[in-house]
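Report on the structure
For reference, the chains in residue letters:
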Amino acid sequence: MTNFENYLTQLSESDWQEAIKSLLTSIHEVDRNAVQIWFRFYPLALEQFLAASENLDEAKQSIAMQGDFGLEDKIDTSHDFLYGHRYWTAVKAALEAESQVFQGGTPNLADEITQIATMVAGKLKVDRSLVIGITAVGFMTAAQVGLEKLKASSGKIEKPSGIMSKKPDAIVASRKHDDSQGLFGFLKTVNKKYSVIYDEPNDGRFEIVDDQEIASASANDRSQNWQAKDERCWEGPVPVECTSASCGTCWVGVIAGEVKLSEVARRERRAIKVFGYNQTDDNQPIIRLACQTKARGNVTIVIPPWNAVFGKKVYGNIDELELEPVTTSAKALREAVRTAAAAGESTE
Ligand code: FES
């Protein structure tokens, strides 16, 4: 193991969180929420819990994990919702170079990230505030997958498309904009309609009525077979199951527009701690349950590729909270469908 890897393995989840917190003001607004969301989508403590298990499938089952957690197969793609994604090839190369010369010791993590970001920004002749976030992501990716796997990845990225091909300030401005309500829209008091953008580079969006929950708006989008893309998606692009804050399936990251969302109610706050998603204490935080969150304007979200209930199991130090009675009729139905399919029976 290199000195650099040694250094990374000594860092705890709270070291990472502190570093990101201290870097936030240095990160351009275009990526400020996105970076914090990425670190919640790939928490070190959860990765370590799974890596330490003797039987990975059993460990995943014990936290009701669904979808696809982990960075090994997403080294070059997990961060594609960051503006800084376009700098990944250079960041990855800089990290590999740093691993060769790192002297050892325990330098401040935020300072280390800033130093590499400054180097990359200078080389690419771009503002450092656009590179710090993706550099932090690179450090954590190296910590979770190891340098060997980081080096083995191609580092290739897709050319930015859609809104992501614009300049950072233009993206920020565009995200703040609400859909037009028509010529006399200013007279409208009911039935205002907005957009939830869930896949920015591909302009993935669905309509939402003023004050509607994100999950129920998503369910109205029948434009394609969502389950063919992600088996957690029974209806619409946002994965759902209970629709009552009991399963944790519908969590999303809010890249922009969090202030246009309803405030967190006690039920969501309590449940999300049990799920382990590390929501902030804000009234309108950037990690939400889509089935509990109503929108009053355009919002931009990102959907995590997995969900689980790991708050107690992995962190262990959260308040002893119990979920309210679980409403898992959709889960029961899904299991019945699977069992029947396996047995070659009809579920009608
Ligand atoms: S769908 Fe179960 S918590 Fe939202």
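Shown above is the structure to which this text applies.
Keep in mind it's a predicted model, so treat the numbers as computed, not measured. (Residues numbered from 1 in each chain as written. Predicted model: local features only at pLDDT ≥ 70, side-chain atom pairs only at ≥ 80, totals over all residues.)

1. Considering the pairing of strand 8 (residues 299-302)
As a reminder, the rule being used: The exposure label follows from counting other C-beta atoms within 10 Å of a residue's C-beta, where the C-beta atoms are placed from the backbone and the thresholds are 20 or more for buried and 12 or fewer for exposed, leaving partly exposed in between. Think of it this way: any DSSP run of H or I at least four residues long counts as a helix, any run of E at least two long counts as a strand, and we number them from the N terminus. When DSSP finds two or more bridges between two strands, those strands count as paired.
Here strand 8 shows two buried faces, one formed by Val299 and Ile301 and the other by Thr300 and Val302. The sheet contact formed by strand 5 (residues 251-256) and strand 8 spans three bridges and is antiparallel. Within strand 8, the residue paired with Val254 across the bridge is Ile301.

2. Considerations on the sheet that holds strand 8
Filter applied, for reference: Between N-to-C directions, angles span 0 to 180 degrees; the directions come from axes that are lines fitted to C-alpha atoms, helices contributing only their stretch in contact.
Read from one edge of the open sheet, five strands run 3-2-8-5-6, paired in mixed fashion. With one partner strand each, in any of the chains shown, strand 3 (204-209) and strand 6 (287-289) form the two edges of the open sheet. Averaged over all adjacent pairs, the angle separating strand axes in this sheet is 40 degrees, with direction ignored. Sheet analysis places strand 5 next to strand 6, joined by three bridges and oriented antiparallel. When the sheet's bridge partners are listed, Trp251 is paired in strand 6 with Leu289.

3. Focus on the packing of helix 6 (residues 88-101) against helix 7 (residues 109-124)
Worth spelling out the cut-off: Angles are sorted into four bins: roughly parallel if under 35 degrees, roughly antiparallel if over 145, roughly perpendicular if 65 to 115, and oblique for all others. Left-handed describes a crossing in which the near helix is turned anticlockwise from the far one by less than a right angle; the clockwise case is right-handed. By the criterion used throughout, residues are in contact when their C-beta atoms, derived from the backbone, lie within 7 Å.
Packing of helix 6 against helix 7 leaves a shortest axis separation of 10 Å and a crossing angle of 130 degrees. Taken together, helix 6 and helix 7 sit at an angle that is classed as oblique. For the pair helix 6 and helix 7, the sense of crossing is right-handed. Note on element contacts: helix 7 touches helix 6 through Ile116, Met119, Val120, Lys123 and Leu124, opposite Ala90, Val91, Ala94, Leu95 and Glu98.

4. A few points about the nonpolar core
Quick note on the threshold: Nonpolar cores are identified as sets of buried Ala, Val, Leu, Ile, Met, Phe, Trp, Tyr and Cys residues joined via C-beta atoms within 7 Å.
Counting 85 residues, the largest nonpolar core has Ile113, Ala136, Val196, Val238, Cys250, Val252 and Ile301 as the members making the most contacts within it. In terms of residues, this core owes the most to one element, helix 8 (residues 132-145), which gives eight residues.

5. Some details on the packing of helix 2 (residues 13-23) against helix 7
Convention followed: Only Asp, Glu, Lys and Arg are considered charged, only Ala, Val, Leu, Ile, Met, Phe, Trp, Tyr, Cys and Pro nonpolar, and every remaining residue, Gly among them, polar.
Contact pair helix 2 / helix 7: the axes reach a minimum separation of 8 Å and the direction vectors enclose 55 degrees. By the angle class used here, helix 2 and helix 7 are oblique. Where helix 2 crosses over helix 7, the handedness of that crossing is right-handed. Within the contact between the two elements, helix 2 uses Asp15, Ala19, Ser22 and Leu23 and helix 7 uses Leu109, Ala110 and Ile113. Among the residues making up the contact of helix 2 with helix 7, the classes are represented as five nonpolar, one polar and one charged.

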